[in-house]
Amino acid sequence: MIPVERHEAILALVAEKGIATINELIELLGVSHMTIRRDLQKLERQGKVVTVSGGVKAAEKLSTQLSYKVKESLNEEGQRKIALLAAARIPDQSCIFLDSGLTTLAIAREIKGRDDLTIITNDFIIMFYLIENGKGKLIHTGGTVCPVSSCSVGEGAAQGIRNYLIDIAFVTTSSWNERGLSATSEDKVPIKKALPDVAKKLVLVADSTQYGKVNTYFSLPLKHFDEVITDKPLPDDITEILQNHKINLITDNAGAAAY
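The present account deals with the structure reproduced in this document. (Residues numbered from 1 in each chain as written. Predicted model: local features only at pLDDT ≥ 70, side-chain atom pairs only at ≥ 80, totals over all residues. Heavy atoms only, no water.)

1. Considerations on the environment of Ala-9
Take Ala-9: it is sitting in helix H1 (residues 3–17). For the pair Ala-9 and Leu-28, spaced 19 residues apart in sequence, the C-alpha separation works out to 8.5 Å. Those residues in contact with Ala-9 that sit more than four places away from it in its chain are Leu-28 and Leu-29. (Helix = DSSP H or I, 4+ residues; strand = E, 2+ residues; numbered from the N terminus. Contact = heavy atoms within 4.5 Å.)

Laid out in structure tokens, this is it:
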């Protein structure tokens, strides 16, 4: 395994667990203690992790885009829970937007048999999955291709989305807080900003581990959302903020809270 692959594996484990021990990383990667130490030192210099006694934890500010392949192993159970809740809330004959991401891919898997839906996406993996398995009408936004995320980004993708009137937009993020959503790269922002103008309803679909994280590029204020669907209860402070914004919080445990 080359260094960049080890670094992605380390970041994936830290993102999943919060803190990873040196021994866990040695066992996972099959390399020496010294190699792990060198990898962690490099990641810490890049601001991606913080070393602690006997291990490493995620930096408060995310500074990397994990590849689709790496992200597939992160919180699959949580993504499935969110997808089931989201799919159950899509009315008949809807036009929906599936933002790029694994949670929206999980939604696509749940709705593949519905022939009454028009599904718009900027995600190539979702598109190819539904081409092979789906029954609904499919539309891709177009735009500049981001190979790491397997999606279209930039103003071209945003302009593509402005051609349609959407009933529900399911929006993903790797990081959000009381202000709203943030992104790892500037070219992911335009399509997020276009959605409030074309969608009747905006739904944030994000597992509970993504709350409280921050990236460099602010993409969309929380106030634009009608619902947040997540896999576990969120802290009291953000629950109160959602209530003040009259945003429904829907979790696997609590169902919908109509604020």
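2. As for the side chain of His-7
Here His-7 is to be found in helix H1. Setting aside its immediate chain neighbours within four residues, His-7 contacts Asp-39, Lys-42 and Leu-43.

3. Things to note about the packing of helix H6 (residues 102–111) against helix H7 (residues 124–133)
Interaxial distance between H6 and H7 falls to 10 Å at its minimum, and their mutual angle equals 10°. Regarding the angle of H6 to H7, the classification is roughly parallel. Contacts between H6 and H7 pair Thr-104, Leu-105, Ala-108 and Arg-109 from the former with Ile-125, Ile-126, Tyr-129 and Leu-130 from the latter. Partitioning the contact of H6 with H7 into residue classes produces 6 nonpolar, 1 polar and 1 charged. (Axes fitted to C-alpha atoms, helices over the stretch in contact; angles between N-to-C directions. Parallel < 35°, antiparallel > 145°, perpendicular 65-115°, else oblique. Nonpolar A, V, L, I, M, F, W, Y, C, P; charged D, E, K, R; others polar.)

Nothing here speaks to function; it is geometry throughout.
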